[in-house]
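Next come the chains, spelled out residue by residue.
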Amino acid sequence: MEQKRRLASPFKLFCIATLAIGVPSWGSALHLLPNQLNNFVLNADTISYLNDGKLIRASENIQLEYRGYTIYTDQFTYYEPNKLFQFRGKTVINKDSSRFTTQALDLNATLFTGSTPAFLFQSDRLYLRGQSIDLGLDTITAKSVWYSTCPFDQHSTPIYHVRSSELIIHPQRGAFVANHTVLYLWKIPIFYFPRVLYQH
């Protein structure tokens, strides 16, 4: 029993250290919604204003600047009365050295919520990919997440990585919960933890 405890402890520390390095930057990159919506700058080849400017649609070479974020996407829709943002096609969000990539992103700036399907996050300290994200007022919940400090993309497997079935991040509190977490060396599972908790 003592030996299992020694094996588990380094793994838990490794998972916490890996996530603690990158979660603050990942959480801030995803938490685009401020307390109040400020103006954004939209550039595109085609911009249409419909319903007296309440609906804005853009296509081709879209670049949106918003509170220090630069967002590139193939199609963009903004519905002013409900403050709904919709990004479709290859969507890339850049801030500082962080990059978040997905094929679809919905944000509701009135309810401070949003969602995205499969995603890839890259920074100078952490790489993540996952099946989906749900943005809430106080939490970010990601499903089927892989994370590592080794570079990887949607189709490659890093030398080592950690997989969690669910990752719940609390950006304002600097905390996360990782459920059903497994450390992999290449494609070989090494350690399993049912739950990893971290508070910064």
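Counting restarts for each chain: residues are numbered from 1 in the order of the written sequence. Local features in a predicted model are, by the rule used here, given only for residues with pLDDT of at least 70; side-chain atom pairs are given and counted only at 80 or more, and totals for whole chains, interfaces and linings are based on all residues. As a convention, hydrogens and water are excluded, and side-chain values are obtained from all of the structure's heavy atoms.

Here we come to the overall build of the protein chain. Helix numbers and strand numbers start at the N terminus; a helix is a DSSP run of H or I with at least 4 residues, a strand a run of E with at least 2. Counting its regular elements, the protein chain contains one helix and 14 strands. The buried share of the protein chain, reckoned over its 200 residues, is 45%. The contact criterion used throughout is that any non-hydrogen atoms of two residues lie within 4.5 Å. A sequence separation of at least 24 residues applies to 39% of the contacts in the protein chain between residues at least 6 apart. Here the protein chain displays about 10,700 Å² of accessible surface, and carbon together with sulfur accounts for 52% of that area. Think of it in three bands: with a 1.4 Å probe and only protein chains considered, a residue is buried below 20% of the maximum accessible area for its type, exposed above 50%, and partly exposed in between. Here the Shrake-Rupley method, with its probe set to 1.4 Å, supplies the accessible areas, and only the displayed protein chains count as covering residues.

The salt bridge definition used is simple: a Lys or Arg side-chain nitrogen within 4 Å of an Asp or Glu carboxyl oxygen. Counted according to the given criterion, the structure contains three salt bridges. Residue R88 pairs with D106 through a salt bridge whose shortest N-O separation is 3.0 Å. Of the two residues, R88 sits in strand β5 (residues 84-95) while D106 sits in strand β6 (residues 98-108), which places them 18 residues apart along the sequence. Judged by relative accessible area, which is 25%, R88 ranks as partly exposed. Overall, the relative accessible area of 27% leaves D106 in the partly exposed class. A salt bridge links E166 to K143; the nearest nitrogen and oxygen atoms lie 2.7 Å apart. With a gap of 23 residues between them, E166 in strand β12 (residues 160-170) and K143 in strand β11 (residues 140-148) connect regions that are remote in the sequence.

Let's shift gears to the nonpolar core. Residues F40, L42, F76, F85, L128, Y147 and L167 are the most contacted members of the largest nonpolar core, which totals 36 residues. Among the elements that line this core, the one with the most residues is strand β3 (residues 55-66), at five residues. Here the nonpolar core consists of buried residues drawn from Ala, Val, Leu, Ile, Met, Phe, Trp, Tyr and Cys, with membership extended through side-chain atoms lying within 4.5 Å.

Burial analysis of β11 places seven of its nine residues in the buried class, the great majority of the element. The pairing of strand β9 (residues 127-130) with β11 spans three bridges and is classified as antiparallel. When the bridges of β11 are listed, L128 appears paired with Y147. For two strands to be treated as a pair, DSSP must find no fewer than two bridges joining them. Pairing of strand β10 (residues 132-135) with β11, which is carried by four bridges, proceeds in the antiparallel orientation. By the bridge assignment, D134 is partnered in β11 with T141. From the end of β10 to the start of β11, which pair antiparallel, there are four residues. Here seven bridges tie β11 to β12, and the two strands are oriented antiparallel to one another. Looking across to β12, one finds that W146 is bridged to R163.

This paragraph deals with the environment of W186. Within the secondary structure, W186 sits in the loop between β13 (175-185) and β14 (188-199). Residues W186 and T157 lie 29 residues apart in sequence; the distance between their C-alpha atoms is 6.6 Å. Not counting residues within four places of it along the chain, the set of residues in contact with W186 comprises T157, P158, I159, Y160 and H161.

Okay, unusual backbone geometry next. Its identity as a non-glycine residue notwithstanding, R67 has a phi of 50°, on the positive side. Here R67 shows up in the loop between β3 and β4 (69-79). Overall, R67 belongs to the partly exposed group, its relative accessible area being 45%. A positive phi angle is found at K83, which is not glycine, with a value near 55°. Classification of K83 by relative accessible area gives partly exposed; the value is 23%.

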